[in-house]
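Structural features, examined
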Amino acid sequence: MPNEAQTDFETTASSEKEAQLLRSLYADFESASLTPLWTQREGLMPMRPEPAAVPAVWRWSTLYPLAQRAGELVPVGRGGERRAIALRNPAIPDEPYATPTLWAAIQYLGPWEEAPSHRHTQTAFRFVIEGEGVWTNVEGDAIAMCRGDLLLTPSWHFHEHHNSTGQPMAWIDGLDIPLVKQLDAGFFEFGPDEMSTHATPARSRNEMLWGHPGLTPIGARAETRSTLAAYRWIHTDRALSEQLELELAGHPVTVEPGHAAVRYTDPASGADALRTIRTEFHRLRAGTVTRTSRTVGSSVWQVFDGEGTVTLGDRREVVTRGDLFAVPSWVPFTIEATSSFDAFRFSDEPVYEALGLARTDLQPRT
Ligand code: 1HN
């Protein structure tokens, strides 16, 4: 579709002859598959990010019953691989993406069900909002999934899930599917049809090796990243409550007054637990209002406990346990904690940092 710059020439051309020459120049650009920058600059180089995504909210009270119905009607198995239902940003047409870089889904596994083994270059994690009884086997290491736990599936690791109880279980999956698609870096491979193990250990091998604060196993010292794949709620919860306790005792250790936060990191490198996805947990004291911030890149939050009001650009929403929301790039964002407020957050920031594109703007308190 010709834009103004392209059609303007007919009026700006100094003669009919020049107008004709310009018309034929643009026609020749078109047939040679060429586009002159001066007709496209604003779309290609906006003054600031113009994300395709809009702020979006998904309610747990909507998600869970739908996942439950899918559990009754839709089998899980080879081919489809997972009973995962993606959170689709209403402004991204035809793609099941929460943001332009992040995939988020609710996954549901019924009593005794299994989700078969495969691997892909997309990076994944699971975060558990409620329930238990599923073990995710990552490269044959069986990892229990319980409320508040973060479980990692790094790129190109074989993984499968098995529900070893008579109760259904649902959780949240986060992946970098849209990013990897845009980068044309996706590979996928099916694993064996049989589960690698039906073991249900309380502690996985990766935790036995790496799950000890400040203690690096010397036998594994040559590795640049650990194999730690389970971050347990008991540790997250204690870290946050002790930050707030220290703050009360006069130590300025929180992100801002009344706002404690932790980032899940790899114990060997200190870097983000996953290479392309940042994972964090935030706890706000009742009554805390965060400073308004905007960040390049997008994030998805899930309320773990409590209630708050989030402001996402012009949109204000009350969110409560299990609700998810997407924060697009450079949208001003604030949380007001109505009660004590716990939330899990994931974002694409490691990618922006690696590329020198990270930028955050924190507005002063008014
Ligand atoms: C996948 O492998 C999982 O392993 C979840 O649980 C969601 C979405 C698209 C492609 C692969 C999983 C997925 C996925």
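Predicted model only: the values in this text are computed from it and were never measured.

**What to know about the overall build of the chain**
When its secondary structure is counted, the chain shows nine helices and 22 strands. Sorting the 366 residues of the chain into buried and exposed places 48% on the buried side. Sequence separation of at least 24 residues holds for 73% of the intrachain contacts in the chain that already meet a minimum separation of 6. By element, 55% of the accessible surface of the chain is carried by carbon and sulfur atoms, the whole surface being about 18700 Å². Between the mean site of the 33 positive side-chain charges and the mean site of the 48 negative ones, the chain shows a separation of 4 Å.

**Overview of the site of the ligand**
Around the ligand sit Arg 82, Trp 103, Gln 107, His 118, His 120, Arg 126, His 159, His 161, Asp 173, Leu 175 and Ile 177, and that is every residue in its neighbourhood. At a separation of 2.8 Å, an oxygen atom of the ligand approaches a polar side-chain atom of Gln 107. If the ligand stood free it would expose 330 Å²; the protein chains cover 85% of that surface. Across the shell around the ligand, the residue classes break down as three nonpolar, five polar and three charged.

**Quick notes on a nonpolar patch on the surface**
Taken together, the side chains of Leu 37, Leu 44 and Met 45 define a hydrophobic patch exposed on the protein surface, amounting to about 330 Å² of accessible area. In this structure, Met 45 sits in the loop between helix 4 (41–44) and strand 1 (56–58).

**Quick notes on the pattern of salt bridges**
Here the structure, examined in full by the defined rule, presents 24 salt bridges. Between Arg 23 and Glu 16 there is a salt bridge, with its nearest N and O atoms 3.1 Å apart. The class of Glu 16 is exposed, set by a relative accessible area of 55%. Its salt-bridge partner being Arg 294, residue Asp 361 comes within 2.9 Å of it at the nearest N-O pair. Residue Asp 361 is found in strand 22 (residues 360–362), and its partner Arg 294 is found in strand 15 (residues 293–295); the two are separated by 67 residues along the sequence. Given a relative accessible area of 24%, Asp 361 falls into the partly exposed group. What makes Arg 294 partly exposed here is its relative accessible area of 22%. Among the ionic contacts, a cluster of salt bridges with common partners joins Arg 263, Asp 272, Arg 278, Glu 280, Arg 345, Glu 349 and Glu 353.

**Examining unusual backbone geometry**
Unlike most non-glycine residues, Glu 81 shows phi in positive territory, near 75°. Residue classification places Glu 81 among the buried residues on the basis of a relative accessible area of 3%. With phi around 65°, Asp 94 is a residue other than glycine that occupies positive phi space. Looking at where Asp 94 falls in the secondary structure, it is placed in the loop between strand 2 (84–86) and strand 3 (103–109). According to the relative accessible area criterion, Asp 94 is exposed, its value standing at 77%.

**Here's the deal with the sheet that holds strand 19 (residues 324–327)**
Two pairing modes exist for strands in a sheet, parallel and antiparallel, and in both the strands are linked by backbone hydrogen bonds. On the basis of which strands lie adjacent, the open sheet formed by six strands has the order 1-19-16-21-14-13 and antiparallel pairing. In this open sheet, the two edge strands, each paired with only one partner strand, are strand 1 and strand 13 (259–263). Between one strand and the next, the sheet's axes are offset by a mean angle of 20°, whatever the strand orientation. Taken together, the four bridges between strand 16 (residues 299–305) and strand 19 define a ladder with antiparallel strand orientation. Looking at the pairing, Val 300 lines up with Ala 326 of strand 19. Against the sheet, helix 8 (residues 233–248) engages strand 13, strand 14 (278–284), strand 16 and strand 21 (341–347), with an angle of about 140° to strand 13.

The rules behind the values
- Residues numbered from 1 in each chain as written.
- Predicted model: local features only at pLDDT ≥ 70, side-chain atom pairs only at ≥ 80, totals over all residues.
- Heavy atoms only, no water.
- Helix = DSSP H or I, 4+ residues; strand = E, 2+ residues; numbered from the N terminus.
- Buried < 20%, exposed > 50% of the residue type's maximum accessible area, 1.4 Å probe, protein only.
- Contact = heavy atoms within 4.5 Å.
- Areas by Shrake-Rupley, 256 points an atom, 1.4 Å probe, with all protein chains shown as cover.
- Lys, Arg positive; Asp, Glu negative; His and termini not counted.
- Charge placed at Lys NZ, Arg CZ, Asp CG, Glu CD.
- Near = heavy atom within 4 Å.
- Polar contact = N/O pair within 3.5 Å; in protein donor to acceptor, adjacent residues only side chain to side chain.
- Nonpolar A, V, L, I, M, F, W, Y, C, P; charged D, E, K, R; others polar.
- Patch = residues over 30% accessible without salt bridge, like charges linked within 9 Å, V, L, I, M, F, W, Y side chains within 5 Å.
- Salt bridge = Lys/Arg side-chain N within 4 Å of Asp/Glu carboxyl O.
- Pairing = 2+ DSSP bridges.
- Axes fitted to C-alpha atoms, helices over the stretch in contact; angles between N-to-C directions.

Keep in mind that these numbers describe shape and distance, not what the molecule does.
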